[in-house]
Amino acid sequence: MKFNVVTKNGTRQEEMELKSLLVVGFAGKDIEKTMEHIRELEAEGVKCPRKVPVLYQCDPQIVTEKDEIEVIGHKTSGEVEYLILVKDGKYYIGVGSDHTDRDLEVISIHKSKQVCLKPYAYDFWEYDEIKDHFDDIKLVSSQVVDGKTVEYQSGVTSDLLPMQHIIDELKKEVDVDNSLIYTGTVPLKDGFKFGEAFSCKLVDEKLNREICLSYKVKVIEEH
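Nothing here was measured: the structure is a model prediction, and the numbers come from that model.

S.K.: Outline the sheet that holds strand S13 (residues 138-145), supporting the account with residue identities and numerical values.
M.R.: Read from one edge to the other, the open sheet built from 5 strands follows the order S6-S17-S16-S13-S14, with strand pairing classed as mixed. Two strands close off the open sheet at either side, each with one partner strand: strand S6 (68-72) and strand S14 (148-156). Direction aside, neighbouring strands of the sheet carry axes that sit 25° apart on average. Where S6 lies against strand S17 (residues 209-220), 5 bridges are found, and the strand directions are parallel. When the bridges of S17 are listed, Val 71 appears paired with Val 219.

S.K.: Describe the side chain of Ser 142, listing the residues and the values that go with them.
M.R.: Following the sequence through the fold, Ser 142 ends up in strand S13. Residue class for Ser 142 comes out buried when judged on its relative accessible area of 18%. In this view, Ser 142 contacts Thr 149, Val 150, Glu 151, Tyr 152, Ala 197, Phe 198 and Ser 199; residues no more than four positions away in its chain are not counted.

S.K.: Help me get a handle on the side chain of Lys 113, residues and values and all.
M.R.: Looking at the secondary structure, you find Lys 113 in helix H3 (residues 109-115). In this structure the side chain of Lys 113 is engaged in a polar contact, spanning 2.7 Å, whose partner is the side chain of Asp 98. Not counting chain neighbours up to four residues away, the residues in contact with Lys 113 comprise Val 23, Tyr 56, Cys 58, Ile 62, Glu 79, Asp 98, Thr 100, Glu 105 and Lys 118.

S.K.: Explain the layout of surface pockets residue by residue, including any values.
M.R.: Within this model, the largest pocket holds a volume of roughly 260 Å³. Considering the residues around the largest pocket, the lining is formed by 15 residues, among which Val 71, Ile 72, Asp 101, Val 115 and Cys 116 are closest to the centre. Mapped onto the lining of the largest pocket, the elements with two or more residues apiece are S6 and helix H2 (102-107). The element that contributes the greatest number of residues to the lining of the largest pocket is S6, accounting for 3 residues. Residue classes in the lining of the largest pocket are distributed as 6 nonpolar, 3 polar and 6 charged.

S.K.: So what about the environment of Gly 45? Which residues, and what values?
M.R.: You can see Gly 45 is positioned in the loop between helix H1 (31-43) and strand S4 (54-58). Each C-alpha atom of the pair Gly 45 and Lys 206 lies 40 Å from the other, and the pair is 161 residues apart in sequence.

S.K.: Summarise the state of the cysteines; cite the residues concerned and give the values.
M.R.: Enumeration over the complete set of coordinates arrives at 0 disulfides. Of all cysteine sulfurs, the one in Cys 58 lies closest to Cys 116, which takes part in no disulfide; the gap is 10 Å.

S.K.: Tell me about the sheet that holds strand S15 (residues 179-182), residues and numbers included.
M.R.: Overall, mixed pairing links the 8 strands, which are arranged S2-S1-S12-S9-S8-S15-S3-S4 in an open sheet. Taken across any chain shown, the strands that pair with only one partner, and hence form the sheet edges, are strand S2 (10-15) and S4. Averaged over all pairs of adjacent strands, the angle between their axes in this sheet comes to 30°, without regard to strand direction. In the sheet, strand S3 (residues 20-25) pairs with S15 via 4 bridges, with the strands oriented parallel. The residue bridging Leu 22 from the neighbouring strand is Ile 181, located in S15.

S.K.: Can you lay out helix H5 (residues 163-171) for me, pointing to particular residues and giving the numbers?
M.R.: Among all positions of H5, only Met 163, Ile 166, Ile 167 and Leu 170 are buried. Taken around the axis of H5, the buried residues stretch over an arc of 100°, which confines them to a single face. As for H5, its buried residues are in contact with S3, S4, strand S8 (80-87), strand S9 (90-97), helix H4 (127-130) and S15.

Rules used in this analysis
- Residue positions are counted from 1 within each chain, in the order its sequence is given.
- Restriction of local features to residues with pLDDT of at least 70 applies here, the model being predicted, together with a cutoff of 80 or more for giving and counting side-chain atom pairs; totals for whole chains, interfaces and linings are based on all residues.
- Side-chain numbers come from the whole structure's heavy atoms, not from hydrogens or water.
- For two strands to pair, DSSP has to find at least two bridges joining them.
- Numbering of helices and strands runs from the N terminus; a helix is a DSSP stretch of H or I covering at least four residues, while a strand is a stretch of E covering at least two.
- In this analysis, axes come from line fits to C-alpha atoms, helices being fitted only over the stretch in contact, and the angle between any two N-to-C directions falls in the range 0 to 180 degrees.
- The buried label applies to any residue whose accessible area, calculated with a 1.4 Å probe on protein chains only, is under 20% of its type's maximum; exposed applies above 50%, and partly exposed to all values in between.
- In what follows, a contact means two residues having at least one pair of non-hydrogen atoms within 4.5 Å.
- Each polar contact in these results corresponds to two N or O atoms within 3.5 Å; when the atoms are within protein, one needs to be able to donate a hydrogen and the other to accept it, and residues that are neighboring in sequence are counted only if both atoms are side-chain atoms.
- Here the term cavity refers to a set of points on a 1 Å grid, laid over the protein atoms alone, in which a 1.4 Å probe fits but cannot get out; the term pocket refers to an open set having protein on both sides within 12 Å along at least five of seven lines, with lining residues being those that place an atom within 4 Å of a point.
- Grid points are joined across faces, edges and corners, and a volume is the space filled by probe spheres set on the points.
- Note on residue classes: Ala, Val, Leu, Ile, Met, Phe, Trp, Tyr, Cys and Pro are nonpolar, Asp, Glu, Lys and Arg are charged, and everything else, Gly too, is polar.
- In plain terms, two cysteine sulfur atoms within 2.5 Å form what is called a disulfide here.
- Picture the helix axis, draw a direction to every C-beta atom, and the arc is the one those directions span.

The values are spatial; any link to function lies outside them.
This is the structure in structure tokens:
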């Protein structure tokens, strides 16, 4: 896996062998907001776990930088998530989309996480550069639905469990080194939407910078 590390002093390229893809679900720090997301899912018929957060281990091969992904069926959608990339014990922060098959989610959340590619942006920030204001980093997403761009999500990293708490919880189950971690998402503005394109970003207002991700969704008709 290759990626850019964008720092205050410039940009460098790094690479690593990605050993694990870890997707964290139901990681909201605010129990009320977490339950809001659970209710959104349950309204779609999804059987949600009673204990949160939840770790879903997936195949690292589904991580992608492609600007278009192919999915089967019309009920798939992305979710903005900040990413934790762990390389040699050091943490980097990026943005990705936990694109999920909502029909399959009703049957198995874990399988729905595995079946879609997981887009991510090529740029990452060093956690050490942003840890003093990390709770203020914004997470924003939008979709193109029927040719019209609609706002989809808006929140901040502090809406989710603290980063170190997520790491500590994962370490109880797996080795997190050389892994990419999708950390959970913020609530939807107006329910699930199934668009032809998805965009999301991390916004660091203190250092006046963003990491952006956009991709198209091509539907393969199911026979």
